[in-house]
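# Coordinate inspection notes
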Number of protein chains: 2
Amino acid sequence: MKPPDTYVVRNVRPLGAAPTDILVEGGVIKARGAGLSAPAGTAAIEGRGRLALPGLINAHCHLDKTRFGLPWWPHAAGPQRDSRIPVDREIRPDLMPSTAERARRLCLHMAELGTTHIRSHVDVEPEFGLAAVDALLEMRAGLEGGPIVELVAFPQFGLLTNPGTAALLEAACRAGAECVGGIDPSVIDGDAEAHLDTVFANAERTGAGIDIHLHESGEVGAASLAMICERTRALSMAGRVAVSHAFCLGTVADARAGALIDAMAEAGVAVVTYAPGNSPVPDLKRMEAAGVTVALGTDGIRDVWTPYGDGDMLERAMMLAYRLGYRRDEDIELALDAAITGGAKVMGLADQGLAVGCAGRILLVDAETPA
Amino acid sequence: MKPPDTYVVRNVRPLGAAPTDILVEGGVIKARGAGLSAPAGTAAIEGRGRLALPGLINAHCHLDKTRFGLPWWPHAAGPQRDSRIPVDREIRPDLMPSTAERARRLCLHMAELGTTHIRSHVDVEPEFGLAAVDALLEMRAGLEGGPIVELVAFPQFGLLTNPGTAALLEAACRAGAECVGGIDPSVIDGDAEAHLDTVFANAERTGAGIDIHLHESGEVGAASLAMICERTRALSMAGRVAVSHAFCLGTVADARAGALIDAMAEAGVAVVTYAPGNSPVPDLKRMEAAGVTVALGTDGIRDVWTPYGDGDMLERAMMLAYRLGYRRDEDIELALDAAITGGAKVMGLADQGLAVGCAGRILLVDAETPA
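One structure accompanies this document, and this report is about it. It should be emphasised that the depicted structure is a prediction, and the values quoted were computed from it without experimental measurement.

The helix and strand inventory of chain A stands at 10 helices and 13 strands. For 371 residues, the compact-globule estimate of 2.2 N^0.38 gives 21 Å, and chain A sits close to it at 20 Å. Considered along the principal axes of its C-alpha atoms, chain A spans approximately 60 × 50 × 40 Å. The 371 residues of chain A split such that 58% are buried. Sequence-distant contacts, at least 24 apart, represent 76% of the contacts inside chain A between residues at least 6 apart. Accessible surface computed for chain A: about 13,600 Å², of which carbon and sulfur atoms make up 52%. Each charge class in chain A was averaged separately, 33 positive and 48 negative side chains, and the resulting centres sit 3 Å apart.

Listed below in structure tokens is the structure:
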């Protein structure tokens, strides 16, 4: 599984640029240029003019829930989000023993499709405690040379409304989860201020980043988002707080959305979208103009929440551009960039790219242009 | 290219049902049953338990415009529909000589992906007259054993506003196009009554079916749709009139949409959607309950209108279900059914299916269930 960390790849087009060679030594890009001379004995890969991309970043998934690789499971939950939570809870005991194995299979599958970094939410709650967190920590420790997996301890089944969860979130962060999560502070947890105070206090104590699921729509979600921006500013956590989904941006009046986007830019709060089929998708051009980072994920893949998905981040970038009605190359490239630069910013990766000094993770694609 | 017309396929699951064998003789399904005995010498195909589907139907595409198979073409038109029409017109002379070849390549590609029937719109207008129609008529005549292609003579560049087009539409129908098309009778052509009268009069004289592009949104589109239903009833054309896109159904008040859907059911007017990314998609469950046929197409594939698409109808059915937020198997199957039964109704095919007596066009898919 472990890829070579020294090699030269010849005749590739980095992000669609003119053909060149790229030399990777010790896992880092050391030189770029046509006809590059490499030390004797360096493994050479013939790129045959293919497009070269940096590794792709799946900034939002749920490795602990996936049924990827298991037999087809007819969707059992009702049409609303709150009908999926009890079904998720009900079937979890059967799935728990296979968590590490299911997650590992999906990680390796995503790696085959060019994903080098994965941020996965992982559920904690009093009934099963840190079992899923422990399984994913164990799984990622064994992924030598595979994708790098970051964990968000996630209160899927409520935080304030599910006593004991707050302490588990903190224990998860101390055990190795890089981020603490939250979920719909008003609609699911009933007290936005107290929910967010708990999440941010955890981050302050443990040094974790923050990634909050915000499905809340309209003004309820807008109020939650504004509170997240306030707290991020107050704690100087710019660049370390993300809001996943943020459907409210597409369901409030345009001026209100604009004010929220400005607040996010000012506070350094990013958005992570999965390009849903029938919920609002953030307008990448508007976000870019305002200076808000947008990252892209898959969300759940064949789990109790959704029967869709195969972990292909290039397809997901296409879906994001398609959902936005983007047609011009430079617009479509914004969607791909959400899966590269956007994800790198959210995950705090300084070395994701194809420049000299970046990590030598290079994806070759048989395509004419990034679009 | 021509597939065998007599064979037995063993151990397949028709639309997910229990494993069985299917005997095809002379291109028609003659018998079904496990352990079927076939005449000596009949070619046997081992299905290995795969899912069997009838051939898929692409009920809306534009074979004459596609750049599929040509080098990548960065999208040149602006964001609005009316900016694409002049660009389409401008680049057409360069594309015209290769129309038959481009269309043929795309048809064969779609056939490889399981499509057996294609309804393609084809542009007519005074500047190039019937050149595109002639090219597609010639192309389909040479597609022996390939997909069956039906043509809709289409006034892409206006009907009333582009004098001479009406006569060309009629000539196209007499030359072999099965349907006459129309486009945004109010917004593009400026006079909905006169536009529709011209289209329906053509159909009455030539015996053609009708398929009208209706991008018009809100009440303007609703008024056009109501007029189409009225004329369909008045001329007893139930089952022979389709409206492509019908975005207005998703942009008027719910009660108005309901009244339009009822009018469509009563008149026998179908909808053809392509599951657009950022325009409304018809709610299949509501349409089914009302008795309105919904068919599925790809719309343009890598052309001046869109850089997307590869002609895969299974992916398109997935996209339709995804856009509708459908998660349950029976809901997702409605989207697949739009690409089978819906398309068959719109194209007037009585023999598309896997029952005895149906055409022996069987697609084997390595999947557990239709969903």
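On to the sheet that holds strand 12 (residues 269–273) of chain B, then. All names here are of chain B. If you trace the 8 strands from one edge of the open sheet to the other, you get 6-7-8-9-10-11-12-13, paired in parallel fashion. Edge strands, defined here as strands with exactly one partner in the open sheet, are strand 6 (56–61) and strand 13 (294–296). Each strand of the sheet is rotated relative to its neighbour by a mean of 25 degrees, with strand direction disregarded.

A separate point is the relation of the copies chain B and chain A. Rotating chain B by 180 degrees about the axis while translating it 0.0 Å along that axis superimposes it on chain A, leaving an RMSD of 0.0 Å. Taken together, the rotation angle and the small translation identify this as a two-fold axis. Proximity to the rotation axis, assessed at the C-alpha, singles out B:Gly277 in chain B; its C-alpha lies 3.9 Å from the axis. The share of interface residues of chain B whose copies in chain A are also at the interface is 100%, consistent with both copies meeting through the same surface.

Okay, the packing of aromatic side chains next. Residues and elements named next belong to chain A. Per the counting criterion, the structure on display carries 4 aromatic pairs over all chains. Measuring from ring centre to ring centre gives 6.3 Å for Phe128 and Phe157, while their planes differ by 85 degrees; the resulting arrangement is edge-to-face. Of this pair, Phe128 sits in the loop between strand 6 (115–123) and helix 3 (131–141) while Phe157 sits in the loop between strand 7 (148–154) and helix 4 (165–175), and the two are 29 residues apart along the sequence. The burial state of Phe128 is the same as that of Phe157; both residues are buried.

Quick look at the packing of helix 9 (residues 313–323) of chain A against helix 9 (residues 313–323) of chain B now. Axis separation between helix 9 of chain A and helix 9 of chain B bottoms out at 13 Å; the angle between their running directions is 60 degrees. Taken together, the axis directions place helix 9 of chain A and helix 9 of chain B in an arrangement best described as oblique. For the pair helix 9 of chain A and helix 9 of chain B, the crossing hand works out as right-handed. Facing A:Glu315, A:Arg316, A:Met318, A:Met319, A:Tyr322 and A:Arg323 of helix 9 of chain A, the residues of helix 9 of chain B in contact are B:Glu315, B:Arg316, B:Met318, B:Met319, B:Tyr322 and B:Arg323.

Attention shifts here to the packing of helix 9 of chain B against helix 10 (residues 329–346) of chain B. Helices that pack against each other are described as a pair by the angle of their axes relative to one another and the distance between those axes. Residue and element names in this part refer to chain B. It is the contact of helix 9 with helix 10, at a shortest axis distance of 8 Å, that shows an interaxial angle of 135 degrees. In this view, helix 9 runs oblique relative to helix 10, as classed from their interaxial angle. Pair helix 9 / helix 10 crosses with right-handed handedness. Mapping the contact onto sequence places Met313, Leu314, Ala317, Leu320 and Ala321 in helix 9 and Ile332, Ala335, Leu336, Ala338 and Ala339 in helix 10. In terms of residue class, the contact of helix 9 with helix 10 is built from 10 nonpolar, no polar and no charged.

On to unusual backbone geometry. Residues and elements named next belong to chain A. In the Ramachandran plot, Asn11 falls in the positive-phi region, its phi being about 60 degrees despite a non-glycine side chain. Summarising the element assignment, Asn11 is placed in strand 1 (residues 7–14). Given a relative accessible area of 31%, Asn11 falls into the partly exposed group. Even without glycine at this site, Ala275 takes up a positive phi of about 55 degrees. Turning to its location among the elements, Ala275 is positioned in the loop between strand 11 (269–273) and helix 8 (284–290). Residue class for Ala275 comes out buried when judged on its relative accessible area of 0%.

Below, the discussion takes up the pattern of salt bridges. Applying the stated criterion across every chain, the model contains 38 salt bridges over all chains. The residue A:Arg256 makes a salt bridge to A:Glu219 at a minimum N-O spacing of 2.7 Å. Placement of the pair is A:Arg256 in helix 7 (residues 254–267) and A:Glu219 in helix 6 (residues 218–234), with a sequence separation of 37 residues. B:Asp88 serves as the salt-bridge partner of B:Lys65, at 2.7 Å between the closest nitrogen and oxygen. Within this pair, whereas B:Lys65 is found in the loop between strand 6 and helix 1 (81–95), its partner B:Asp88 is found in helix 1, the two being separated by 23 residues in sequence. Connected through salt bridges with shared partners, the residues A:Asp64, A:Lys65, A:Asp88, A:Arg92 and A:Asp123 form a single ionic network.

The interface is formed by 35 residues belonging to chain B together with 35 residues belonging to chain A. Summing the contributions of chain B and of chain A, the shared interface buries around 2,800 Å²; its carbon and sulfur component is 52%. For the pair chain B and chain A, the interface holds 0 salt bridges. Taken together, chain B and chain A are joined by 26 residue pairs in polar contact (both at pLDDT 80 or more). Of all the elements in the fold, those that place two or more residues in the side of chain B that touches chain A are helix 9 and helix 10 of chain B. Of the residues assigned to the side of chain B that touches chain A, the class counts are 20 nonpolar, 7 polar and 8 charged.

Okay, the state of the cysteines next. Residues and elements named next belong to chain B. Counting across every chain of the model gives 0 disulfides over all chains. The thiol of Cys173 is not disulfide-bonded; the next cysteine sulfur, from Cys179, is found 7.7 Å away. Accessibility expressed as a relative area gives 9% for Cys173, which makes it buried.

All names here are of chain B. Bridge analysis of strand 2 (residues 20–25) against strand 3 (residues 28–33) gives 5 bridges, and the strand direction is antiparallel. If you follow Leu23 over to strand 3, its bridge partner there is Ala31. Hairpin geometry of strand 2 and strand 3 is characterised by an intervening segment of 2 residues between the two adjacent antiparallel strands and by a positive phi of about 60 degrees at Gly26.

Let us now look at the nonpolar core. Counting residues in each nonpolar core, the largest one holds 200 residues, and the members touching the most others are A:Leu63 and B:Leu63. The contact partners of A:Leu63, leaving out residues within four places of it in the chain, are A:Arg102, A:Ala103, A:Leu106, A:Cys107, A:Met110, A:Ile118, A:Ser120, A:His121, A:Leu136, A:Met139 and A:Val149.

A few words on the environment of B:Gly182. Residue and element names in this part refer to chain B. With respect to the helices and strands, the residue Gly182 is situated in strand 9 (residues 179–183). Here the alpha-carbon distance between Gly182 and Leu196, two residues 14 residues apart in the chain, equals 7.5 Å. Setting aside chain neighbours within four positions, we find Gly182 in contact with Phe154, Pro155, His195, Val199, Asp211, Ile212 and His213.

What counts, and where the lines are drawn
Residues numbered from 1 in each chain as written. Chains lettered and ligands numbered in written order. Predicted model: local features only at pLDDT ≥ 70, side-chain atom pairs only at ≥ 80, totals over all residues. Heavy atoms only, no water. Helix = DSSP H or I, 4+ residues; strand = E, 2+ residues; numbered from the N terminus. Rg over C-alpha atoms; globule rule 2.2 N^0.38 Å. Buried < 20%, exposed > 50% of the residue type's maximum accessible area, 1.4 Å probe, protein only. Contact = heavy atoms within 4.5 Å. Areas by Shrake-Rupley, 256 points an atom, 1.4 Å probe, with all protein chains shown as cover. Lys, Arg positive; Asp, Glu negative; His and termini not counted. Charge placed at Lys NZ, Arg CZ, Asp CG, Glu CD. Pairing = 2+ DSSP bridges. Axes fitted to C-alpha atoms, helices over the stretch in contact; angles between N-to-C directions. Least-squares fit on C-alpha atoms with pLDDT ≥ 70 in both. Phe/Tyr/Trp six-rings, centres within 6.5 Å; stacked < 30°, edge-to-face > 60°. Parallel < 35°, antiparallel > 145°, perpendicular 65-115°, else oblique. Left-handed = near helix turned anticlockwise from the far one by under 90°. Nonpolar A, V, L, I, M, F, W, Y, C, P; charged D, E, K, R; others polar. Salt bridge = Lys/Arg side-chain N within 4 Å of Asp/Glu carboxyl O. Buried area = accessible area lost by both parts, 1.4 Å probe. Polar contact = N/O pair within 3.5 Å; in protein donor to acceptor, adjacent residues only side chain to side chain. Disulfide = S-S within 2.5 Å. Core = buried A, V, L, I, M, F, W, Y, C linked by side-chain atoms within 4.5 Å.

Function cannot be inferred from these measures alone, as they are strictly geometric.
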